[in-house]
Amino acid sequence: MEILRHIVVLVHLIGFAVLFGAWLVEAVGRRIRVTRLMTVGMVIAAVAGLTLAAPWGIEYDLNYVKLGIKLVVLLVIGALLGIGSARQKRTGTLAPALFWSIGALTLVNAGIAVIWR
Ligand code: HEM
């Protein structure tokens, strides 16, 4: 059970890597746009994260305040990706603030996960 949980943590980290990596590629290339791969990474991180939010394969209590905040941040990232891709399709451009918020909020969630114990 514990090994299975560790595997789900790995899948969760792959989701984070795909979301942040896809965003970073665009940021470094100075392309202010959202891509499908960002959404794919977010969905992987969300499904694995929600699976980990249930208390199985552990002998300690989960920090539900922390998990609740991570869930809210994830929902905001999801909303920004949704709004961003719709506007991008309609107008061909994306507000820089929306683009930078996606990367920043992804880092905020990773920071909360690692620093808040
Ligand atoms: C973009 C969104 C997210 C990012 C970038 C992210 C990032 C991370 C990272 C980097 C870790 C590894 C921390 C460590 O083991 O030291 C982690 C663990 C974890 N994440 Fe997330 N996460 C996200 C969303 C979520 C959501 C929505 C939930 C559930 C509501 C969640 C639940 C967990 C749980 C339960 C762990 C296992 C370690 C712990 O208990 O803190 N995550 N996350």
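Up top is the structure these notes are about.
Calculation notes
Residues numbered from 1 in each chain as written. Predicted model: local features only at pLDDT ≥ 70, side-chain atom pairs only at ≥ 80, totals over all residues. Axes fitted to C-alpha atoms, helices over the stretch in contact; angles between N-to-C directions. Helix = DSSP H or I, 4+ residues; strand = E, 2+ residues; numbered from the N terminus. Left-handed = near helix turned anticlockwise from the far one by under 90°. Contact = placed C-beta atoms within 7 Å. Nonpolar A, V, L, I, M, F, W, Y, C, P; charged D, E, K, R; others polar. Expected span 1.5 Å × (residues − 1). Buried ≥ 20, exposed ≤ 12 C-beta atoms within 10 Å, placed from the backbone. Arc of directions from axis to C-beta. Core = buried A, V, L, I, M, F, W, Y, C linked by C-beta atoms within 7 Å.

Draft legend 1. Inspection of the packing of helix 1 (residues 2-28) against helix 4 (residues 96-115) at higher detail. Contact geometry for helix 1 and helix 4: axes closest at 10 Å, N-to-C directions at 145°. In this structure, the crossing between helix 1 and helix 4 has a hand that is left-handed. In this structure, helix 1 contributes Phe16, Leu19, Phe20, Trp23 and Ala27 to the contact, and helix 4 contributes Ile102, Gly103, Thr106 and Ala110. A per-class count over the contact of helix 1 with helix 4 returns seven nonpolar, two polar and no charged.

Draft legend 2. Broad picture of helix 4. Compared with the 28 Å implied by 1.5 Å per residue over 20 residues, the 28 Å span of helix 4 between its first and last C-alpha is a close match. Taken together, the buried positions of helix 4 are occupied by Phe99, Ile102, Thr106 and Asn109. End-on, the buried residues of helix 4 take up no more than an arc of 95°, which puts them together on one face. Of the exposed residues in helix 4, those oriented more than 90 degrees away from the buried face are Pro96, Ala97, Ala104, Gly111 and Ile115.

Draft legend 3. Representation of unusual backbone geometry within the structure. One non-glycine residue, Arg30, adopts positive backbone phi at about 55°. Looking at the element boundaries, Arg30 is found in the loop between helix 1 and helix 2 (36-52).

Draft legend 4. Structural context of the nonpolar core. Among the nonpolar cores identified, the biggest contains 16 residues, and Leu19, Trp23, Met38, Met42, Leu81 and Ile102 are the most heavily contacted of them. Of all the secondary-structure elements, those providing two or more residues to this core are helix 1, helix 2, helix 3 (64-91) and helix 4. Broken down by element, the residue count for this core peaks at five residues, all from helix 1.

Draft legend 5. Region of the structure containing the environment of Gly84. Tracing the chain through its elements places Gly84 in helix 3. Aside from chain neighbours lying at most four places away, what touches Gly84 is Val34, Leu94 and Leu98.

By themselves, these observations are geometric and do not establish any function.
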